[in-house]
Every structure is written in C-alpha cells, then in structure tokens.
Amino acid sequence: SISHVKHLSNLDKEVVDSEIKALNKVYATIHKEQLLKAASLIKHAKKVYLLAYDYAATVSSVFEDRFIRLGVDVVNLGGMDMPNVLYRLALSTEDDLLILFSYKPYTQLSINLAKCLQANYKAKILCFSDNENTPMHKQADLIFLSPTAHLIFANSMTAPFSLITLLASLYISKYREDYRA
C-alpha cells in the first residue's frame, strides 16, 4: 500500500493514513438499505436540486456530473446568486428532491432554505454531512456521513467523493435498464 512506501516521510504517511481511515469509516458505517433508499429517492424525483456552498460546492459538482450522465434531471444551485436560487427553489414541488451538502462550518442559509422547503413544499431531503449532529439531522429524510477532518486541509473531500461514486454505481446497478449514458 502507498502508506508503506519507504520514501514517504512520516508526515506523508500520516496524510495517506488519514485519507484511508476516512474512507474506511465511511464504508464501515454505510448500510445497503441507505444506498437503496437514496437511489430510489433520486430515481423517483422529478427534479433533483443540489444546494452547497464553499468547498462543499465541489462535492455537489461531482454529484451533478455523475448523475446528469445517468439521465437524472439535476439543478446545481451552488454557483447561483441568491435571487436565482430562490426562484428555482420556488419552482420545486413535493415530487422533487433536495440534496444538501453540509460540512463544517455549516452554512446557515442553506440549512434555513432546506427547512423552509420541507415545511412549505413537503420537500424530500437527502443530506451529505460530516457529523451525525448536523443541523439538518431532524429535517433530512436520509443522511450520509463522511468524515472530512484532515491533517493538512481544513476539510478533505476524498470520502464524500467516494461516497458519491458508490451511490452512482449502485444507482446504475439497480436501474441498469434506464441507464442512458
């Protein structure tokens, strides 16, 4: 394994081990039923809205790229200005799915928008977060946890990216007949 390569410094090995531990933690805590429920929510949503800010927007972009290619109608709100975000969300219905990417430091605006959508539009919410005590814990229909703590960066996105790849792979496997990419 890469963490056992002799020319790596101790810090390099710690960084590699940190990433490996994060991945192991994700795969040790995730259950097939969660993945199947998420795949079903995505499959049966008329439209999937992605909401993320700061570095979490990179994770939502990976999700968008993976699932658009699978024929899912995805709207990534992360790069839009607030009037466009509000306009798009006002068009959402209870047939849609909101996916919130919420990692420390949690963005209160996206959390408030998600709460509003759930209260007023009966929105279904899937949340990707780094902590089971995320502010979205009570509102989300389903939460996927992936650690982001890292030795060098404030947040590592290795585990969230891997989780999205796993979900996309399961989606393809489950809905193979509809896979159009």
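Residues numbered from 1 in each chain as written. Predicted model: local features only at pLDDT ≥ 70, side-chain atom pairs only at ≥ 80, totals over all residues. Heavy atoms only, no water.

**Student:** Report on the environment of Ile30, specifying residues and quantitative values.
**Tutor:** Inspection of the secondary structure puts Ile30 in the loop between helix H1 (10–29) and helix H2 (32–44). Spatially, the C-alpha atom of Ile30 lies 7.6 Å from that of Phe144, the residues being 114 residues apart in sequence. Excluding residues that lie within four positions of it along the chain, Ile30 makes contacts with Leu35, Phe144, Leu163 and Leu166. (Helix = DSSP H or I, 4+ residues; strand = E, 2+ residues; numbered from the N terminus. Contact = heavy atoms within 4.5 Å.)

**Student:** For the pairing of strand S4 (residues 124–129), give the residues involved together with the corresponding values.
**Tutor:** When you tally the buried positions in S4, you get five out of six residues, the bulk of the element. Relative to S4, strand S3 (residues 97–102) runs parallel, the two being bridged by six bridges. Bridge assignment links Leu98 to a residue of S4, and that residue is Ile125. Here S4 pairs with strand S5 (residues 142–145) via four bridges, running parallel. Each bridged residue has a counterpart across the sheet, and for Cys127 the counterpart in S5 is Ile143. (Buried < 20%, exposed > 50% of the residue type's maximum accessible area, 1.4 Å probe, protein only. Pairing = 2+ DSSP bridges.)

**Student:** Explain the packing of helix H3 (residues 56–68) against helix H6 (residues 158–174) to me, using residue names and the numbers behind them.
**Tutor:** H6 packs onto H3 with a crossing angle of 20° between their chain directions and a minimal axis gap of 10 Å. Classified by the angle between their axes, H3 and H6 sit roughly parallel to one another. For H3 against H6, the interelement crossing comes out right-handed. Residue-level inspection shows Thr58, Val59, Val62, Phe63, Arg66 and Phe67 of H3 in contact with H6, the latter providing Pro160, Phe161, Ile164, Thr165, Leu167, Ala168 and Tyr171. Among the residues making up the contact of H3 with H6, the classes are represented as ten nonpolar, two polar and one charged. (Axes fitted to C-alpha atoms, helices over the stretch in contact; angles between N-to-C directions. Parallel < 35°, antiparallel > 145°, perpendicular 65-115°, else oblique. Left-handed = near helix turned anticlockwise from the far one by under 90°. Nonpolar A, V, L, I, M, F, W, Y, C, P; charged D, E, K, R; others polar.)

**Student:** Explain H6 residue by residue, including any values.
**Tutor:** If you check H6, its first and last C-alpha atoms are 24 Å apart, about what 17 residues at 1.5 Å a residue would give, namely 24 Å. Every buried residue of H6 is accounted for by Ala159, Pro160, Ser162, Leu163, Ile164, Leu167, Ala168, Leu170 and Tyr171. (Expected span 1.5 Å × (residues − 1).)

**Student:** Lay out the environment of Lys124 in plain terms, naming residues and giving numbers.
**Tutor:** Within the element layout of this structure, Lys124 appears in strand S4. By relative accessible area, Lys124 is classed as partly exposed at 26%. Each residue touching Lys124, except ones within four places of it in the same chain, is listed here: Leu41, Glu94, Asp95, Asp96, Leu97, Leu98 and Asp141.

**Student:** Which residues make up the sheet that holds S3, and what values do they have?
**Tutor:** Pairing is parallel in the open sheet, where five strands are placed in the order S2-S1-S3-S4-S5. The open sheet is flanked by strand S2 (74–76) and S5, the only strands paired with a single partner. For this sheet, the mean inter-axis angle between neighbouring strands, taken without regard to orientation, is 20°. Sitting on the sheet, H3 touches strand S1 (48–51), S2, S3 and S4, and the angle it makes with S2 is about 160°. Each of S1, S3 and S4 touches helix H5 (residues 108–121); the most contacted strand, S3, lies at about 155° to it.

**Student:** Residue-level account of the pattern of salt bridges, with values.
**Tutor:** The tally for this structure, following the rule as stated, stands at one salt bridge. One salt bridge in this structure joins Lys47 and Asp73, with 3.1 Å as the shortest N-O distance. Of this pair, Lys47 sits in the loop between H2 and S1 while Asp73 is found in the loop between H3 and S2, placing the two residues 26 residues apart along the sequence. Take Lys47: its relative accessible area is 25%, and that puts it in the partly exposed class. Relative accessible area serves as the criterion here: at 37%, Asp73 is assigned to the partly exposed category. (Salt bridge = Lys/Arg side-chain N within 4 Å of Asp/Glu carboxyl O.)

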